[in-house]
Amino acid sequence: MKKFLAWLLFVLVIYAIQSSFISLVYFHGIGPDMLLLMTGSVGFLKGKKLGAFYGFLFGLFQDIASGTFLGINAFTKLIAGYVCGIFSNRVLNDSFALPVAAAFLNTVASFVAFEIIMMLLGYRFNILTHLQLKLGPLVCYNVVFAWPIHCAVRWLHNKTADMK
């Protein structure tokens, strides 16, 4: 129970920071997706099953808190957590390049999946404009915040490893 409460408090603090303080440096309404970064890190540290589970929970929380279409963030973060979890046994968790590369790939994949779902729902928009004005800043922010978020998630993972 202590583990769950520690992770819940951590997610709430990260989301509060993302939606309050970090929004001061948004570029045209675009900022980092810290829950996506956390999902990748959890996947690397805990494996594919728990990475997918935590990704689903983080995405569902983000869907409910932000008021977007229910399930889109849950789906994209579930996939991101599962894919990162596949590589959990094959990579060195202390590597600097790993969370940065995962942040880049997860951001692009989540963005493309989100755009495809929006197109399937009937929304029309200029894809090239979205790539330039939304994906560019989002990737830049996520790459910058990837290492600090990974260090924070790894710290919490190590602290809660010996809890019951």
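Whatever comes next refers back to the structure up there.
The structure reproduced in this document is the subject of the present report. Here the residue numbering is sequential within each chain, running from 1 through the sequence in written order. Owing to the predicted nature of the model, reporting of local features is limited to residues with pLDDT of at least 70; listing and counting of side-chain atom pairs is limited to 80 or more, with chain, interface and lining totals taken over all residues. Processing note: side-chain calculations cover all non-hydrogen atoms of the structure and skip hydrogens and water entirely.

## A word on the packing of helix H2 (residues 34-46) against helix H6 (residues 127-160)
Describing two packed helices takes the angle between their axes plus the distance from one axis to the other.
Here's step 1: Interaxial angle, 0 to 180 degrees, is taken between N-to-C directions of lines fitted to C-alpha atoms, where a helix line uses only the stretch in contact. The secondary structure listing takes helices from DSSP runs of H or I that are at least 4 residues long and strands from runs of E that are at least 2 residues long, numbered from the N terminus. Two numbers describe how H2 lies on H6: the axes approach to 9 Å, and their chain directions differ by 50°. Taken together, the axes of H2 and H6 are oblique relative to one another. Two packed elements cross with a definite hand, and for H2 against H6 that hand is right-handed. Of the residues in H6, those in contact with Met34, Leu36, Leu37, Met38, Ser41, Val42, Leu45 and Lys46 of H2 are Asn142, Phe145, Ala146, Ile149, His150, Val153, Arg154 and His157.
Here's step 2: Think of it as three bins: nonpolar holds Ala, Val, Leu, Ile, Met, Phe, Trp, Tyr, Cys and Pro, charged holds Asp, Glu, Lys and Arg, and polar takes everything else, Gly as well. Residue composition of the contact of H2 with H6, grouped by class: 10 nonpolar, 4 polar and 2 charged. Relative orientations are named as follows: roughly parallel for angles under 35 degrees, roughly antiparallel for angles over 145 degrees, roughly perpendicular for angles from 65 to 115 degrees, and oblique for any other angle. Left-handed is the label given to a crossing in which the near helix is rotated counterclockwise from the far helix by less than a right angle, and right-handed is the label when the rotation is clockwise. A contact between two residues is defined here by any heavy atoms of the two lying within 4.5 Å.

## What about the side chain of Ser88?
Here's step 1: Looking at where Ser88 falls in the secondary structure, it is placed in the loop between helix H4 (72-86) and helix H5 (97-120).
Here's step 2: What qualifies as a polar contact is a pair of N or O atoms within 3.5 Å, subject to a donor-acceptor requirement within protein and to the restriction that residues adjacent in sequence count only when both atoms come from side chains. A distance of 2.9 Å separates a polar atom in the side chain of Ser88 from the backbone oxygen of Gly85.

## Section: a nonpolar patch on the surface
Here's step 1: Only residues whose relative accessible area exceeds 30% and that take part in no salt bridge are eligible for patches, with like-charged residues grouped when within 9 Å of each other and nonpolar side chains (Val, Leu, Ile, Met, Phe, Trp, Tyr) grouped when within 5 Å. In these tables, accessible area is a Shrake-Rupley quantity obtained with a 1.4 Å probe, and a residue counts as shielded only by the protein chains included in the view. Basic side-chain nitrogens of Lys or Arg form a salt bridge, by our definition, when they fall within 4 Å of a carboxyl oxygen of Asp or Glu. Judged by side-chain polarity, Phe75, Ile79, Tyr82, Val83, Ile86 and Phe87 come together as a nonpolar surface patch covering roughly 490 Å² of accessible area.
Here's step 2: Counting through the fold element by element, Phe87 comes out in the loop between H4 and H5.
Here's step 3: Think of it in three bands: residues with accessible area under 20% of the maximum for their type are buried, residues over 50% are exposed, and the middle band is partly exposed, with areas taken using a 1.4 Å probe on protein chains only. Judged by its relative accessible area of 37%, Phe87 falls in the partly exposed class.

## Describing helix H3 (residues 48-66)
Here's step 1: Expected helix span is taken as 1.5 Å per residue step, with the number of steps being one fewer than the number of residues. The end-to-end C-alpha distance of H3, which contains 19 residues, comes to 26 Å, matching closely the 27 Å that a straight helix rising 1.5 Å per residue would cover.
Here's step 2: Burial in H3 covers these residues: Gly51, Ala52, Tyr54, Gly55, Phe58, Gly59, Gln62 and Asp63.
Here's step 3: Looking at the buried positions of H3, the neighbouring elements they touch are helix H1 (2-21), H2 and H4.
Here's step 4: With its phi angle positive at about 80°, Gly67 sits one or two positions after the end of H3.

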